[in-house]
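Single-letter residue listing:
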Amino acid sequence: MNKHYCPICGYELGRVYADGVICLCCGNESGYDDDIEKEDIDYDEYLVMLKIRDDFEHKKKPVPEHVTTYLKNARYEKKTAWAILRRKWKQEGCAWKYGPGPEGWGMEMAEAQLRNIDKP
Ligand SMILES: [Zn+2]
(Lines give C-alpha, C1' and ligand atoms only; values in the text may rest on other atoms or scores of the structure.)
Protein backbone atom coordinates (compact mmCIF):
# COMPACT_ATOMS: atom_id res chain seq x y z
CA MET A 1 0.00 0.00 0.00
CA ASN A 2 1.20 3.48 -0.83
CA LYS A 3 2.09 5.72 2.03
CA HIS A 4 1.12 9.35 1.88
CA TYR A 5 3.49 11.91 3.25
CA CYS A 6 3.08 15.62 3.79
CA PRO A 7 5.01 17.22 0.89
CA ILE A 8 6.20 19.97 3.24
CA CYS A 9 7.48 18.15 6.33
CA GLY A 10 7.34 14.47 5.35
CA TYR A 11 4.89 13.46 8.09
CA GLU A 12 2.94 10.30 7.27
CA LEU A 13 -0.58 11.62 6.73
CA GLY A 14 -2.48 8.38 6.15
CA ARG A 15 -4.18 10.06 3.19
CA VAL A 16 -3.32 12.12 0.14
CA TYR A 17 -2.42 15.74 0.82
CA ALA A 18 -5.48 17.08 -1.01
CA ASP A 19 -7.50 20.27 -0.50
CA GLY A 20 -8.64 20.68 3.09
CA VAL A 21 -6.16 18.21 4.57
CA ILE A 22 -4.21 19.73 7.45
CA CYS A 23 -0.88 18.28 8.45
CA LEU A 24 -0.71 17.73 12.23
CA CYS A 25 3.03 18.15 12.19
CA CYS A 26 3.78 21.31 10.19
CA GLY A 27 0.20 22.61 10.45
CA ASN A 28 -0.17 23.53 6.77
CA GLU A 29 -3.53 23.10 5.06
CA SER A 30 -3.52 21.84 1.48
CA GLY A 31 -5.17 24.22 -0.97
CA TYR A 32 -4.96 27.06 1.52
CA ASP A 33 -1.54 27.54 3.06
CA ASP A 34 0.14 26.28 -0.09
CA ASP A 35 -1.82 28.67 -2.29
CA ILE A 36 0.79 31.43 -2.29
CA GLU A 37 0.76 34.57 -4.40
CA LYS A 38 4.06 35.63 -5.90
CA GLU A 39 5.64 38.67 -4.26
CA ASP A 40 6.40 40.48 -7.50
CA ILE A 41 2.88 40.65 -8.93
CA ASP A 42 1.07 43.94 -9.54
CA TYR A 43 -1.34 43.61 -6.64
CA ASP A 44 -3.93 46.10 -7.96
CA GLU A 45 -4.10 44.28 -11.27
CA TYR A 46 -4.28 40.98 -9.42
CA LEU A 47 -7.28 42.16 -7.38
CA VAL A 48 -9.05 43.32 -10.56
CA MET A 49 -8.48 39.90 -12.12
CA LEU A 50 -9.85 38.20 -8.99
CA LYS A 51 -12.96 40.38 -9.17
CA ILE A 52 -13.48 39.57 -12.85
CA ARG A 53 -13.19 35.87 -12.10
CA ASP A 54 -15.64 36.12 -9.20
CA ASP A 55 -18.11 38.08 -11.33
CA PHE A 56 -18.04 35.45 -14.06
CA GLU A 57 -18.35 32.63 -11.54
CA HIS A 58 -21.21 34.41 -9.83
CA LYS A 59 -23.05 34.66 -13.16
CA LYS A 60 -22.16 31.01 -13.80
CA LYS A 61 -20.39 31.97 -17.01
CA PRO A 62 -17.07 30.55 -18.13
CA VAL A 63 -14.15 32.64 -16.87
CA PRO A 64 -12.13 34.12 -19.79
CA GLU A 65 -8.99 32.13 -20.37
CA HIS A 66 -6.61 35.08 -20.04
CA VAL A 67 -8.01 35.72 -16.56
CA THR A 68 -7.57 32.09 -15.52
CA THR A 69 -4.05 32.07 -16.92
CA TYR A 70 -3.16 35.36 -15.24
CA LEU A 71 -4.37 34.11 -11.85
CA LYS A 72 -2.58 30.79 -12.26
CA ASN A 73 0.67 32.57 -13.10
CA ALA A 74 0.27 34.93 -10.16
CA ARG A 75 0.62 32.00 -7.74
CA TYR A 76 3.50 29.68 -7.10
CA GLU A 77 3.41 26.15 -8.44
CA LYS A 78 2.63 23.68 -5.65
CA LYS A 79 6.19 22.35 -5.54
CA THR A 80 7.60 25.84 -5.10
CA ALA A 81 4.96 26.72 -2.51
CA TRP A 82 5.80 23.56 -0.54
CA ALA A 83 9.49 24.43 -0.65
CA ILE A 84 8.72 27.92 0.69
CA LEU A 85 6.59 26.49 3.51
CA ARG A 86 9.26 23.87 4.27
CA ARG A 87 11.92 26.57 4.57
CA LYS A 88 9.65 28.56 6.88
CA TRP A 89 8.88 25.50 9.02
CA LYS A 90 12.60 24.74 9.35
CA GLN A 91 13.36 28.36 10.24
CA GLU A 92 10.81 28.04 13.03
CA GLY A 93 12.68 25.03 14.39
CA CYS A 94 10.43 22.33 12.86
CA ALA A 95 7.88 22.82 15.61
CA TRP A 96 5.09 20.24 15.97
CA LYS A 97 1.87 22.20 15.42
CA TYR A 98 -1.09 20.12 16.55
CA GLY A 99 -1.13 17.95 19.64
CA PRO A 100 1.88 16.86 21.65
CA GLY A 101 3.58 15.10 18.73
CA PRO A 102 5.67 11.98 19.07
CA GLU A 103 7.83 11.32 22.10
CA GLY A 104 11.20 13.02 21.80
CA TRP A 105 10.25 15.22 18.84
CA GLY A 106 13.08 17.50 17.85
CA MET A 107 15.39 18.46 15.01
CA GLU A 108 16.81 14.96 14.71
CA MET A 109 13.40 13.35 14.23
CA ALA A 110 12.37 16.18 11.95
CA GLU A 111 15.38 15.65 9.70
CA ALA A 112 14.62 11.92 9.50
CA GLN A 113 10.99 12.66 8.69
CA LEU A 114 11.95 15.15 5.97
CA ARG A 115 13.64 12.30 4.12
CA ASN A 116 10.17 10.81 3.48
CA ILE A 117 9.48 13.59 0.97
CA ASP A 118 11.68 12.20 -1.76
CA LYS A 119 10.42 8.64 -1.36
CA PRO A 120 8.51 7.44 -4.44
ZN1 LIG B 1 3.51 18.64 7.19
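Note that the structure is predicted; figures quoted are calculated from it, not measured. (Residues numbered from 1 in each chain as written. Predicted model: local features only at pLDDT ≥ 70, side-chain atom pairs only at ≥ 80, totals over all residues.)

Focus: the nonpolar core
In this structure, Cys6, Ile8, Cys9, Tyr11, Cys23 and Cys26 are the most contacted members of the largest nonpolar core, which totals 15 residues. Of the residues forming this core, the biggest block, three residues, is contributed by helix H3 (residues 78-91). With residues near it in sequence (within four places) discarded, Cys6 still touches Tyr11, Leu13, Tyr17, Cys23, Cys25 and Cys26. (Core = buried A, V, L, I, M, F, W, Y, C linked by C-beta atoms within 7 Å. Buried ≥ 20, exposed ≤ 12 C-beta atoms within 10 Å, placed from the backbone. Helix = DSSP H or I, 4+ residues; strand = E, 2+ residues; numbered from the N terminus. Contact = placed C-beta atoms within 7 Å.)

Re the domain arrangement of the chain
It is common to give the size of an interface as the accessible area lost on bringing the parts into contact. Parsing the chain into structural domains produces domain 1 (1-36 + 78-120) and domain 2 (37-75). Summarising the inter-unit geometry, the C-alpha centres of domain 1 and domain 2 are found 29 Å apart. (Domains from an automatic or database assignment.)

Let's talk about helix H1 (residues 43-58)
Taking 1.5 Å per residue as the helical rise, H1 with its 16 residues ought to reach 22 Å, and the 22 Å between its terminal C-alpha atoms agrees with that figure. Within H1, only one of the 16 residues are buried, which leaves the element largely exposed. Count one or two residues on from H1 and you reach Lys60, which has phi positive near 55°. (Expected span 1.5 Å × (residues − 1).)

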